[in-house]
Each structure stands twice: as C-alpha cells, then as structure tokens.
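Chains, contacts and geometry: an overview
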Amino acid sequence: MLSYDELTSPERELWDAFPEGRHVDLRTGVPEDDRVCEGGHWGPGRTVRAAVIVALLQGANTAQPGAVACLSLAGARISGHLNLAGAQIAHAFWLRDCWFEEGVDLSGASTQSIAIVGSRVPGVEAGLIRIEGRLDLRRSRVESGSVSPYHRRLTALSLINAHVSGAVSLNGAEITAPGEWAVSAGGLVAEGGVYCVDGFVAHGEVRLMGAQLPGGLHMRGALLEHPGRRGVALALDNAVASTLDFSDGFSADGTVRLRGARISDLTFEGAVLNGPPDGHGPSLEAVLMQAVDFDFTLARPPSGIVDLRGAQVSYLHDSDRSWPDVVELDGFVYGSIKVDEAGERQEAVGPRHSVARRVAWIRRSPRYNPQPYEQLASWYRKAGHDDDARRVLLAKQRHRRRTLPPAARAWGHLLDATVGYGYRPWLAGVWLLALTLLGAVSFGTHSPNPAKQGEGTPFQPLVYTLDLLIPIGGLGQRAAWYWSSDSLQWLAYSLIALGWVLTTAVIAGVTRTLQKN
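What comes next concerns the included structure. Only a predicted model underlies this, so the values are computations on that prediction, with no experimental measurement involved.

Basis of the calculations
- Residues numbered from 1 in each chain as written.
- Predicted model: local features only at pLDDT ≥ 70, side-chain atom pairs only at ≥ 80, totals over all residues.
- Heavy atoms only, no water.
- Helix = DSSP H or I, 4+ residues; strand = E, 2+ residues; numbered from the N terminus.
- Buried < 20%, exposed > 50% of the residue type's maximum accessible area, 1.4 Å probe, protein only.
- Contact = heavy atoms within 4.5 Å.
- Core = buried A, V, L, I, M, F, W, Y, C linked by side-chain atoms within 4.5 Å.
- Phe/Tyr/Trp six-rings, centres within 6.5 Å; stacked < 30°, edge-to-face > 60°.
- Pairing = 2+ DSSP bridges.
- Axes fitted to C-alpha atoms, helices over the stretch in contact; angles between N-to-C directions.
- Parallel < 35°, antiparallel > 145°, perpendicular 65-115°, else oblique.
- Nonpolar A, V, L, I, M, F, W, Y, C, P; charged D, E, K, R; others polar.
- Salt bridge = Lys/Arg side-chain N within 4 Å of Asp/Glu carboxyl O.
- Left-handed = near helix turned anticlockwise from the far one by under 90°.
- Polar contact = N/O pair within 3.5 Å; in protein donor to acceptor, adjacent residues only side chain to side chain.

Glancing now at the overall build of the protein. Helix and strand counts for the protein stand at 10 helices and 40 strands. Put simply, the protein has 517 residues, and 51% of those count as buried. Counted over contacts in the protein with a minimum sequence separation of 6, partners at least 24 positions apart contribute 52%.

See below:
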C-alpha cells in the first residue's frame, strides 16, 4: 500500500488533485521539451509511477464532499505497468501528452470514460472491457507490445468483445504492429461508433470481425498498410454497422474484407484500394455482404480482384474507375444502379452504350456465369427497358457459346445469325425476304418444265419461291414444276433446306425465349 510520504512531488500533486477532479499539467510550455517522442528523457520531476494511478483509481484517496473525483494528468512519464485488469473503476481518467514505459492493461475492467490523448503507449490491452462512456485515443501512438492473453498474435490495440456505450475515437492516432494485428476488436460493441479520421494510420491488420457498430465505422482519409502475410488490411466479417465510410482518400494496401457484413450505408467514394502488396488476393472481398446503399466510386480502379459473389445491395453507385480487370459477380443482386459521370450520378438505363458497358462489366468475370446476365436483364425489365434486357440476354447466350463443344457452338452461331437466339426474331424476316428476292429474280429469268403437261397452275416465280421456303403446307407450285438447269434445281433444293433451317431456328429461339420469360 502506498503511503503519502513515499510519493514524489508530481505524484503528490496528482494525489491531492484527484479528490477534487483538478487537472495536473507537468508540461513545461517549451515545445522542444514537451515533445512526447522524447518522453523517455523526461526526469523525475515529470515522472509518475503507474502504481500511483492504479491506487487512486481504486479509491486510495476518496473524493471530497461536493466534488467529483477524476484523474486528469498531462505531460507525464508513466513508469511501470499500468495494470487495471479486472478493476471496477468508478472514476473517469484523462491522460494527455504522456509517455508510457510499458503497456496499459484494461482487460475485463469496468470503468467510466477513458482518454489517453496524444500519448505514446507500447500496447493497450482492453479485451472484455465495459466502458460507460467513450474510449478516446486521439492522436496517440500505440505500438505493439506483448502477446495478448486472448490470442497468440502481437497486437497494438486489443478490444476483443469490448462494450463501449459511447464512441471509440482513434482520430489522428497511429497504431503500429507491422505484419501483425494493429487493432484486434472482434466482437466489439461500440454504440457510438468507431472514428478513425483526421489522419488515422494503421501499420498492420485492423480486425473488427463480428463487431456491432450502431454508430458506424468512419475511416475517411485513413491509411492502412503493412498488413502482413495474409495481406488483409481490414477485416469486417459478419459485422453489423449503420455506416462504413471509406471515402475522401481512404487507402488500403491490402484486402478490405466484408464477408457477410450487414450495412446500411457503405461508401468508397474517392478511395484507393491497392490490394495486397504481393499482388495476390482481392482488393475488396464482399462475399454475401448485405448493404442498402453501396457507393463504389473509387479514385482509381482497384489493383486486385473485386469479389461480390452472393452480395445484395439496394442501390449501387459506380463509375468507370470502379472496376478492375477481374470482377466476381456470380450471385450479386442489386435493386438499382447509378453511374457517376462527370461528377453527376445518373440512372444507367438510358443510352444504349450503357448496356454495352454493363455487359463488358459482367464479362470481367473469369468464367461464364448466367446469373449476372439474368440479374442485369431483370433490372432493365423492371425499369421498363425490355429491348435492353433482350440485348443482355443475347450477350449471355454469346458468352455461353464459348463454353460449348464445337457442334453446339456451330448450332449457336446459326441461331444467332438467323433469329438472335430468339431475342431478334425479326432477323428471320430479313433472311426470308432476302431469300425470296433471290429466288424470285433467279427463277423469273428462266422457264421451268411442267411436271404434267397441261396440268397445274401457271408458273409464278414469287409464289414458287415462297412455296420452297415454307416447309409446312403448300402453295401448289413446288410439285408442279421442275428445272432442266442444274444450277436452278440446286437453288430450289437449297431454298427448301434453308426454309427448314429457318423454321427450326425460329421455333428453337422462340421456345427458349418463352421458357426464360
């Protein structure tokens, strides 16, 4: 137990100020002397033992009547290990511009608001903490310390299964654990949200898997780098959040992973997704993600794959800078698409070139999958653009044709050329008209021989040609006349064959279209 007599001068000042909640400032006012990065050189006049802080927060000096006890300290060198693991802390404490010799252990503690602002700390362990207030680490430099008791990885800031009734503020902070876990906060509940703006930097992976963030995760302009061997810069698997804001210059040198996450508003406006440094792995992995509004208008195309398999969004915003060379879209479902063109968002259902662009978007998939085409066609139909929907489905059949064996590919080419797989039935009319003109002109310049002298209707080249092309029924011309010229007779045989091919293609194409609709 500490006695007052053994306290140093700055410790006595803090001891006396605590019951009344007064602030103790050990800074000199000289910028060169107050730089936190030089805190290791601060002498006894600015040193406070961690044991003194622990004793005060555990009730060693009770509050004065009519005052609210609070520990408020600035410009101090904290010596020793600040160990408050499992403590029941009834007082808020505020440490500013302090230099810690060792890490801070708050694991399993229950406390009021905590602020360690503008300080240098070799690791903060706060797994299972319960904070009735906010956790404020603004502008602090938190470095990886020892291995956390909750996992075997080196971690700078651990908030595993922590519960914070207010916000977690990491604005302007630098969390450093290169190649390891800069932030490990699986299962975190932060009712007021997590804020990583104003120059936040993480050297190492940021993990928020399964986090509950009613106030959202705000990382505007944040920089995530050196993710380590797995190449994951940010992991939000199965997280639930009102907002995920990765805008205004947000940059990730590694995979941003949102597997199974559920989000109301998700924005990457102006973000840069560089993907893993080794070039292997996706820039964005959002398999089975659910979002209401998904803004993917990046500053430039991602360097790695974007994986949206099985994701569901209500509103998708994108631009020409949104998509890399490879995009996984199988199972991706969306309700509406808006395109950012020249800084203005427009519905992507008007000009026909947008259909070609959307088809090219789907073609970025490394393999053929019918669902992305069906989804896009369905969206065009709901928007009242049936012609565009048919163009998409035709593109689907052409893509599918590449995966078929040679015989099936040949039949596909025939269906495409004659009726556009049933989505362009008017092509059959064009072919019929062209063949009719060819036959009428060719047969009209010659006289055929009657099959039976004195019988049959008079020869009419146009009707004769139509009789050859129509395989069902008859117009009385085909059987009544024959040709002595081999070339004209072979033309007649060819028209009969082409008539059957056209009829078969029309039936097959129309049947396919009716089945799909």
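There's more to say after this.
What follows concerns the nonpolar core. Leu188, Leu258 and Phe268 are the most contacted members of the largest nonpolar core, which has 118 residues in total. Looking at which element gives the most residues to this core, the answer is helix 3 (residues 50–57), with seven residues. The contact partners of Leu188, leaving out residues within four places of it in the chain, are Leu159, Asn161, Ala162, Val164, Val194, Leu208, Ala211, Gln212 and Leu213. The next biggest cluster of nonpolar side chains, apart from the first, holds 12 residues, and it includes Phe459, Tyr464, Leu469 and Trp483.

It is worth spelling out the packing of aromatic side chains at this point. A full pass over the atoms with the stated rule returns 13 aromatic pairs. On the numbers, 5.3 Å between centres and 40° between planes, the contact of Phe294 with Phe296 is tilted. The same class applies to Phe294 and to Phe296, which are both buried. Feature note: the residues Phe246, Phe250, Phe268, Phe294, Phe296, Trp323, Phe332, Tyr334, Trp361, Trp379 and Tyr380 constitute an aromatic cluster, connected by ring pairs.

Pairing of strand 23 (residues 212–213) with strand 27 (residues 240–245), which is carried by two bridges, proceeds in the parallel orientation. Each bridged residue has a counterpart across the sheet, and for Gln212 the counterpart in strand 27 is Val240. Here strand 27 pairs with strand 30 (residues 262–267) via five bridges, running parallel. Bridging from a neighbouring strand, Leu244 pairs with Leu266 of strand 30.

Bringing the packing of helix 5 (residues 370–382) against helix 6 (residues 386–401) into the picture now. Working note: a packed helix pair is described by the angle between its axes plus the distance between those axes. Two numbers describe how helix 5 lies on helix 6: the axes approach to 7 Å, and their chain directions differ by 170°. By the criterion of interaxial angle, the relationship of helix 5 to helix 6 is roughly antiparallel. Residues Pro370, Tyr373, Glu374, Leu376, Ala377, Tyr380 and Arg381 of helix 5 form the contact with helix 6, whose own contacting residues are Asp386, Asp388, Ala389, Val392, Leu393, Ala395, Lys396 and His399. Of the residues belonging to the contact of helix 5 with helix 6, the class tally is nine nonpolar, one polar and five charged.

This next bit is on the pattern of salt bridges. In the structure shown here, the tally under the stated rule is 21 salt bridges. Among the ionic pairs, Lys396 bridges to Glu374, the shortest N-O distance being 2.6 Å. Placement of the pair is Lys396 in helix 6 and Glu374 in helix 5, with a sequence separation of 22 residues. Given a relative accessible area of 2%, Lys396 falls into the buried group. A single salt-bridge network, built from bridges that share partners, covers Asp25, Arg27, Arg96 and Asp97.

What follows is about the side chain of Asp97. Its location among the elements puts Asp97 in the loop between strand 6 (93–96) and strand 7 (99–100). Asp97 has contacts with Arg27, Val36, Trp42, Gly75, Ala76, Val117, Gly118 and Ser119, leaving out every residue within four places of it along the chain.

Our focus in this paragraph is the packing of helix 1 (residues 9–17) against helix 3. At a closest axis distance of 11 Å, the pairing of helix 1 and helix 3 adopts a crossing angle of 10°. In terms of axis orientation, helix 1 runs roughly parallel to helix 3. In terms of crossing hand, the pair formed by helix 1 and helix 3 is right-handed. The segment helix 1 lies against helix 3, with Glu11, Leu14 and Trp15 engaging Val52, Ile53, Ala55 and Leu56. Looking at side-chain class alone, the contact of helix 1 with helix 3 contains six nonpolar, no polar and one charged residues.

A few words on unusual backbone geometry. Of note, Asp97 is a non-glycine position whose phi angle comes to about 55°, a positive value. For Asp97, a relative accessible area of 17% corresponds to the buried category. Located in the positive-phi region is Arg139, a residue other than glycine, with phi close to 60°. Mapped onto the elements, Arg139 comes out in the loop between strand 14 (135–136) and strand 15 (141–143).

Summarising burial for helix 3: seven of the eight residues are buried, a large majority. When we look at burial in helix 3, the residues that qualify are Ala50, Val52, Ile53, Val54, Ala55, Leu56 and Leu57. For helix 3, the secondary structure elements touched by its buried residues are helix 1, strand 2 (47–49), strand 3 (71–74), strand 4 (77–79), strand 5 (82–83) and strand 6.

Within the secondary structure, Arg120 sits in strand 11 (residues 120–121). Looking at Arg120, its side chain comes within polar contact range of the main-chain oxygen of Phe100, at 2.7 Å. When sequence neighbours within four positions are dropped, the list of residues in contact with Arg120 reads Val36, Cys98, Trp99, Phe100, Glu101, Arg141 and Glu143.

Residue position: Asp33 is located in helix 2 (residues 31–34). Residue contacts for Asp33: discarding those within four places in its chain leaves Thr28, Trp42 and Arg46.

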